[in-house]
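Summary of structural features
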Amino acid sequence: MEYETMGGEEIPKIGLGTWRMEGGTCRDAVSTALDLGYRHIDTAQAYSNEREVGQAIEHSDVDRDEIFLTTKVWPMNRKRADIVNSVNESLTKLGTEYVDLLLIHWPNPLASTGEVMRTLSDLQNDGLTRHIGVSNFDAEQLETAREKATVDVFTDQVQFHPFNPQEELLEYCQENDVLLTAYSPLAHGGAMHDHVLTELGKKYDKTPAQVALRWVTQQEKVVTIPKSTSEEHLEQNLDIFDFELTETEMAIVARPSRLQTGLSMVRGRLGR
């Protein structure tokens, strides 16, 4: 495993995302991931699987304090009382007294960014979370969130893959010591059949998915949380730290494409 250091803390470069995992499938995936060496687990109120994630952690041989656990507040919880109550419900479901990272899941145009970020900040000060952050915020929205928070904003979790490299946001994060957490790093499967990733995979004896994950994790201040329920794929996702892409290869992998990004979003909505 490689790590990204932020705020004096080491965050595993590869974690497990649990979007659209349910019931026993979710419990088994988290349990398998922990057995394989994953120590970064991501969930959310919107996923309706916090209880299953918590059960997997509880029955694991891995101590809770060795796991970097993230959950996210559903953005319709936009008032202070609603946010606090929902976070307490999340902690109960997860079976833990705190999470390591608490995010607001999406920017809500009806919400007061100031109220949301001050509430998250207070929850950190009260010990219910060790860090706070945002998800799906662009650079301008992230700047506002940082201004309104009374503690450091630890991360912005966004869709980030070779066809959506988020250059402006990445530059902002790197310049302002904000971690970029990449979800959907394989473009919901779009990376699997990409010719550039395939050719590089042949060179390094890796799959196209592994090349895409290496491209993501090789970047400064970036970690990623690919989703998988397959033990084989969970193992492959970890097996990316024994090779390194050249600067030229890093450049040719990144190909911003509205079409590919759009297709990725459609595949995501269809659950593929």
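Attention in this report is confined to the structure presented alongside it. (Residues numbered from 1 in each chain as written. Predicted model: local features only at pLDDT ≥ 70, side-chain atom pairs only at ≥ 80, totals over all residues. Heavy atoms only, no water.)

Helices and strands together make up the secondary structure of the protein, namely eleven helices and ten strands. In terms of overall dimensions, the protein is globule-like: its C-alpha atoms have a radius of gyration of 18 Å, near the 19 Å expected for 272 residues. On the principal axes, the C-alpha backbone points of the protein span a range of 55 × 40 × 35 Å. Counting all 272 residues of the protein, 54% fall into the buried class. In the protein, the proportion of contacts linking residues at least 24 apart, taken out of those at least 6 apart, comes to 75%. Of the accessible surface of the protein, which amounts to about 12,500 Å², a share of 45% is contributed by carbon and sulfur atoms. The positive charge centre, built from 26 side chains, and the negative charge centre, built from 45, are 7 Å apart in the protein. (Helix = DSSP H or I, 4+ residues; strand = E, 2+ residues; numbered from the N terminus. Rg over C-alpha atoms; globule rule 2.2 N^0.38 Å. Buried < 20%, exposed > 50% of the residue type's maximum accessible area, 1.4 Å probe, protein only. Contact = heavy atoms within 4.5 Å. Areas by Shrake-Rupley, 256 points an atom, 1.4 Å probe, with all protein chains shown as cover. Lys, Arg positive; Asp, Glu negative; His and termini not counted. Charge placed at Lys NZ, Arg CZ, Asp CG, Glu CD.)

Turning next to unusual backbone geometry. We note that Arg20 has phi near 65°; this positive angle belongs to a residue other than glycine. Tracing the chain through its elements places Arg20 in the loop between β3 (16-17) and α1 (23-36). Given the relative accessible area of 41%, Arg20 is considered partly exposed. Of note, the phi angle at Gln166 is positive, near 50°, even though the residue is not glycine. Along the chain, the position of Gln166 falls in the loop between β8 (153-159) and α6 (167-175). You can call Gln166 partly exposed: its relative accessible area is 24%.

Side chains three or four residues apart in an α-helix point the same way, a direct result of the helix having 3.6 residues per turn. Buried within α6 are the following residues: Leu169, Leu170, Tyr172 and Cys173. Along the axis of α6, the buried positions cluster into a sector of 160°, meaning they face one direction only. Turned more than 90 degrees away from the buried face of α6, the exposed residues are Glu167, Glu168 and Glu175. Turning to α6, the residues buried within the fold contact α5 (139-148), β8, β9 (179-183) and β10 (222-224). Two residues or fewer past α6, Asp177 is found with a positive phi of approximately 55°. (Arc of directions from axis to C-beta.)

What follows deals with a nonpolar patch on the surface. On the surface, Trp74, Met76 and Trp106 cluster together into a nonpolar patch covering about 340 Å² of accessible area. Checked against the element boundaries, Trp106 lands in the loop between β6 (99-104) and α4 (113-125). (Patch = residues over 30% accessible without salt bridge, like charges linked within 9 Å, V, L, I, M, F, W, Y side chains within 5 Å. Salt bridge = Lys/Arg side-chain N within 4 Å of Asp/Glu carboxyl O.)

Turning to the side chain of Lys221, a few remarks are in order. In this structure, Lys221 sits in the loop between α8 (208-217) and β10. Each residue touching Lys221, except ones within four places of it in the same chain, is listed here: Glu4, Met6, Cys173, Gln174, Asp177, Val178, Leu179 and Leu180.

Counting 68 residues, the largest nonpolar core has Met117, Leu120, Phe160 and Leu180 as its most contacted members. Of the residues forming this core, the biggest block, six residues, is contributed by α8. (Core = buried A, V, L, I, M, F, W, Y, C linked by side-chain atoms within 4.5 Å.)

The next point concerns the packing of α4 against α5. The N-to-C vectors of α4 and α5 enclose an angle of 55°; their axes lie 8 Å apart at closest approach. With respect to α5, the element α4 is oriented oblique. As for the relative orientation of α4 and α5, their crossing is right-handed in sense. Packed against α4, whose contacting residues are Thr113, Gly114, Met117 and Arg118, the element α5 presents Thr144, Ala145 and Lys148 at the interface. The residue makeup of the contact of α4 with α5, split by class, is two nonpolar, three polar and two charged. (Axes fitted to C-alpha atoms, helices over the stretch in contact; angles between N-to-C directions. Parallel < 35°, antiparallel > 145°, perpendicular 65-115°, else oblique. Left-handed = near helix turned anticlockwise from the far one by under 90°. Nonpolar A, V, L, I, M, F, W, Y, C, P; charged D, E, K, R; others polar.)

A separate point is the pairing of strand β1 (residues 3-6). What you see with β1 is a clean split: Glu4 and Met6 sit on the buried side and Tyr3 and Thr5 on the side with no burial. Bridge count for β1 against strand β2 (residues 9-12) is four bridges, and the pairing is antiparallel. Bridge assignment links Met6 to a residue of β2, and that residue is Glu9. Linking β1 to β2, which pair antiparallel, is a turn of two residues; within it Gly7 sits at a positive phi near 60°. (Pairing = 2+ DSSP bridges.)

A separate point is the packing of aromatic side chains. The relation between two aromatic rings is expressed through the spacing of the ring centres and the mutual angle of the planes. Scanning the entire structure with this criterion turns up three aromatic pairs. Centre to centre, the rings of Phe160 and Trp215 are 5.4 Å apart; their planes meet at 20°, and the pair counts as stacked. Taken as a pair, Phe160 in the loop between β8 and α6 and Trp215 in helix α8 lie far apart in primary sequence, 55 residues in all. The pair Phe160 / Trp215 is uniform in exposure class, with both members buried. Taking NZ or CZ as reference, Arg64 lies 4.3 Å from the ring centre of Tyr98, over its face. (Phe/Tyr/Trp six-rings, centres within 6.5 Å; stacked < 30°, edge-to-face > 60°. Lys NZ or Arg CZ within 6 Å of the ring centre and 35° of its normal.)

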